[in-house]
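Residue-level listing of the chains:
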Amino acid sequence: MATGLIGLAFGRPGLIRRPGIVQLLVAIGALGYVAYSLHPALLTLFAVPLLVAWFRRLAERYADRVAADLGYGPALAQVFQASLAAGGGVVRGIRGTLPASHPSHVARIKALEKRIRSS
């Protein structure tokens, strides 16, 4: 029942099949609580790198969107596909995604293809 509640709490019933994500979220919450209980300012040391990485990924998605709007979307998607074929930009789990400064190539290709189709 607890795993069902966790899945419902995050709005994703499929989450219960992936206990690694739940363990990671619990660990992040525990570290945040420990940092806050020691001194509230330590919470910023814990949260700032994750926020900076999120903003960097957001900026990369925006740059990809602008490139697609300017007509460079198909060429950019080909670059990401070639990089994937060479072994770069591999799909990461949530542990690799949170601190990453760039979205995965697969996510970028999907977003570019969706943007190209809509325009």
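Check the secondary structure of the chain and you find six helices and zero strands. For the chain, the α and β elements follow one another from N to C terminus as α-α-α-α-α-α. Looking at the chain as a whole, 18% of its 119 residues are labelled buried. In the chain, the proportion of contacts linking residues at least 24 apart, taken out of those at least 6 apart, comes to 55%. Total accessible area computed for the chain in this model is approximately 8,300 Å², and 68% of it derives from carbon and sulfur atoms.

Looking now at the side chain of arginine 108. As for its position among the elements, arginine 108 is in helix 6 (residues 105–118). Its relative accessible area of 7% is what places arginine 108 among the buried residues. Within the structure, arginine 108 has its side chain in polar contact with the side chain of aspartate 64 (distance 2.7 Å). If we ignore the near neighbours within four places in the chain, the residues touching arginine 108 are Glu60, Asp64, Phe80, His102 and Pro103.

With that out of the way, let us pick up helix 3 (residues 40–69). The end-to-end C-alpha distance of helix 3, which contains 30 residues, comes to 43 Å, matching closely the 44 Å that a straight helix rising 1.5 Å per residue would cover. Within helix 3, the axis deviates most sharply at alanine 47, by approximately 35°, and proline proline 49 lies no more than four positions further along. Considered for burial, the residues of helix 3 that qualify are Ala53, Arg57, Asp64, Ala67 and Ala68. Those residues of helix 3 hidden inside the fold are in contact with helix 4 (73–85), helix 5 (94–97) and helix 6. The first or second residue beyond helix 3 is glycine 71, which carries a positive phi of 100°.

Let us now look at the nonpolar core. Listed in full, the five residues of the largest apolar core are Ala68, Ala77, Phe80, Ile109 and Leu112. Here phenylalanine 80 is in contact with Asp64, His105, Arg108, Ile109 and Leu112, once residues within four sequence places are set aside.

Moving on: the layout of surface pockets. Space inside the second largest pocket adds up to approximately 160 Å³. Sorting the residues of the lining of the second largest pocket by element identifies helix 3 and helix 6 as the ones contributing at least two each. Here the lining of the second largest pocket gets five residues from one element, more than from any other, and that element is helix 6.

Another point: the pattern of salt bridges. According to the stated counting rule, one finds three salt bridges in the structure shown. With a closest N to O distance of 2.9 Å, arginine 108 and glutamate 60 form a salt bridge. Of this pair, arginine 108 sits in helix 6 while glutamate 60 sits in helix 3, and the two are 48 residues apart along the sequence. For glutamate 60, a relative accessible area of 23% translates into the label partly exposed. Here aspartate 69 ties to arginine 115 by a salt bridge, and the two come within 2.9 Å at their closest N and O atoms. Taken as a pair, aspartate 69 in helix 3 and arginine 115 in helix 6 lie far apart in primary sequence, 46 residues in all.

Glancing now at the packing of aromatic side chains. In this structure the tally under the stated criterion is one aromatic pair. Ring plane angle 70° and centroid distance 4.8 Å describe the contact between tryptophan 54 and phenylalanine 55, whose orientation is recorded as edge-to-face. For tryptophan 54, a relative accessible area of 38% puts it in the partly exposed group.

Calculation criteria
Residues numbered from 1 in each chain as written. Predicted model: local features only at pLDDT ≥ 70, side-chain atom pairs only at ≥ 80, totals over all residues. Heavy atoms only, no water. Helix = DSSP H or I, 4+ residues; strand = E, 2+ residues; numbered from the N terminus. Buried < 20%, exposed > 50% of the residue type's maximum accessible area, 1.4 Å probe, protein only. Contact = heavy atoms within 4.5 Å. Areas by Shrake-Rupley, 256 points an atom, 1.4 Å probe, with all protein chains shown as cover. Polar contact = N/O pair within 3.5 Å; in protein donor to acceptor, adjacent residues only side chain to side chain. Expected span 1.5 Å × (residues − 1). Bend = angle between axes of the 7 residues up to and from the residue. Core = buried A, V, L, I, M, F, W, Y, C linked by side-chain atoms within 4.5 Å. 1 Å grid on protein atoms, 1.4 Å probe; cavity = no way out; pocket = protein on both sides within 12 Å on 5 of 7 lines; lining within 4 Å. Points joined across faces, edges and corners; volume = space filled by probe spheres on them. Salt bridge = Lys/Arg side-chain N within 4 Å of Asp/Glu carboxyl O. Phe/Tyr/Trp six-rings, centres within 6.5 Å; stacked < 30°, edge-to-face > 60°.

Note that every value here comes from positions in space, so none of it alone points to a role or purpose.
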